[in-house]
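One-letter residues, chain by chain:
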Amino acid sequence: MIATALLILHGLIGVTLLGAITHQMVSLLRRHTARSGSFIDRYTGVTQKTFTVAVVLLYMAGLLIGAVIYPNYRLNVRIPFEEMRLGWAVGLFELKEHFAGIGASLLPLYSYCWKAEVAQSHHRQRLALTLLLGFIVWWDFLVGHILNNIRGLE
Amino acid sequence: MTAPRFGPTTFAIAFCCTYATVFAMNSPLFLYYPLHGDFRWGAQPLHGAGPAIAWYGLMAKAAIVATAAALCVPDRLLGRVLRNSAWLFAVAAMLVCVFLLRPLFLH
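Residues numbered from 1 in each chain as written. Chains lettered and ligands numbered in written order. Predicted model: local features only at pLDDT ≥ 70, side-chain atom pairs only at ≥ 80, totals over all residues. Heavy atoms only, no water.

Engineer: Where do I start with the interface of chain A and chain B in this structure?
Structural biologist: Counting residues at the interface gives 30 residues for chain A, matched by 32 residues for chain B. For the chain A and chain B pair, buried surface summed over both sides reaches about 2700 Å², with 82% attributable to carbon and sulfur atoms. Its largest share of buried area at the contact with chain B, chain A owes to His98, Ile102 and Ser105 of chain A, together 21% of the area lost on that side. Here chain A is connected to chain B by zero salt bridges. Here chain A is connected to chain B by five residue pairs in polar contact (both at pLDDT 80 or more). Contributions of two or more residues to the side of chain A that touches chain B are made by helix H3 (48-76), helix H5 (87-113) and helix H6 (123-150) of chain A. For the side of chain A that touches chain B, a count of residues per class yields 21 nonpolar, six polar and three charged. (Contact = heavy atoms within 4.5 Å. Buried area = accessible area lost by both parts, 1.4 Å probe. Salt bridge = Lys/Arg side-chain N within 4 Å of Asp/Glu carboxyl O. Polar contact = N/O pair within 3.5 Å; in protein donor to acceptor, adjacent residues only side chain to side chain. Helix = DSSP H or I, 4+ residues; strand = E, 2+ residues; numbered from the N terminus. Nonpolar A, V, L, I, M, F, W, Y, C, P; charged D, E, K, R; others polar.)

Engineer: When you look at the nonpolar core in this model, what are you seeing that I'm missing?
Structural biologist: Nonpolar side chains in soluble globular proteins generally cluster together in the buried interior. With 68 residues, the main nonpolar core has Tyr59, Phe81, Ile102 and Tyr110 of chain A together with Tyr19, Trp55 and Tyr56 of chain B as its most contacted residues. For this core, the secondary structure elements donating two or more residues are helix H1 (2-29), H3, H5 and H6 of chain A together with helix H1 (8-24), strand E1 (30-33), helix H2 (55-72) and helix H4 (86-100) of chain B. Here this core takes 14 residues from H5 of chain A, the largest share from any one element. When near neighbours in sequence (up to four residues on either side) are disregarded, Ile102 of chain A contacts Phe15, Cys16, Tyr19, Ala90, Ala93, Met94 and Cys97 of chain B. (Core = buried A, V, L, I, M, F, W, Y, C linked by side-chain atoms within 4.5 Å. Buried < 20%, exposed > 50% of the residue type's maximum accessible area, 1.4 Å probe, protein only.)

Engineer: What am I meant to see in the pairing of E1 of chain B here?
Structural biologist: Residue and element names in this part refer to chain B. Judged by which residues are buried, E1 turns out to be covered on both faces: Phe30 and Tyr32 on one side and Leu31 and Tyr33 on the other are all buried. As paired strands, E1 and strand E2 (residues 38-41) are joined by four bridges and run antiparallel to one another. For Phe30, the partnering residue across the bridge sits in E2 and is Trp41. (Pairing = 2+ DSSP bridges.)

Engineer: Help me understand unusual backbone geometry, please; the structure alone is not making it clear to me.
Structural biologist: Among all residues except glycine, the phi angle is most often negative; among peptide bonds, the trans geometry is most common. Located in the positive-phi region is Arg85 of chain A, a residue other than glycine, with phi close to 55°. By the secondary structure assignment, Arg85 of chain A is in the loop between helix H4 (78-83) and H5.

Engineer: I would appreciate a short explanation of the pattern of salt bridges in the present structure.
Structural biologist: Two side chains with opposite charge may pair up if their charged atoms get near one another. Residue and element names in this part refer to chain A. If you walk through the whole model with that rule in mind, you get two salt bridges over all chains. In this structure, Arg78 and Glu82 form a salt bridge, with 2.8 Å as the shortest nitrogen-oxygen distance. In this pair, Arg78 and Glu82 are both assigned in helix H4, four residues apart and thus about one turn of the helix distant. Classification of Arg78 as buried rests on a relative accessible area of 15%. Overall, the relative accessible area of 39% leaves Glu82 in the partly exposed class. Of the charged contacts in the structure, one is a salt bridge between Glu94 and Arg78, with a shortest N-O distance of 2.7 Å. With a gap of 16 residues between them, Glu94 in helix H5 and Arg78 in helix H4 connect regions that are remote in the sequence. When sorted by exposure, Glu94 lands in the same class as Arg78, which is buried.

Listed below in structure tokens is the structure:
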């Protein structure tokens, strides 16, 4: 019961993180600076400092909750996957956990690169880190969703 | 006495290199056995304890090495190219993981 509640919380944090990092990615990739008040302008008009803090906190919260419910996955989900010969599903989850760990190591640098005083000098690095974190967040969310559809926690 | 400055670039590079190496060498700091809540140092399997989780041990080892490196090697000591390409180390570590896990997708 607690594991299911934590899994739902893990998913909700994932949705929120997905929204935050995608806002930031689209905002970075969009070069158009003139604002017309359209939906796209509003979508990309993010307060970068606030979003950076939100992304870091949400990422760490999602990672910690994922680490807490990991034993449930190992005992109640992965073993049935192996019995069903769903090696690809086990592989997808393994990649999800490894990517999440590697992504966590980028958070201090990501946070530093979004500081106003290094905005000019670290533009390319900021772009690369944000896109990479965005990829990891999307990957982890989609894989988690697919695997939960095959077999969720009990 | 001033506190040592933390180098985020050094941390990211050291973490990614350590993580990929430790994963490739199957050398986590410890294994966790969730069935009975047992911990064991290193990668030695504990027979009869059920399935093991290595990820906590991988993360812990990479984090310890990266934190030590980030406190000892300030970012300014890294070359400019290295400073600007920390994200490439993360991509490389991810590709190492994909390569090492390929048997799961091929069978």
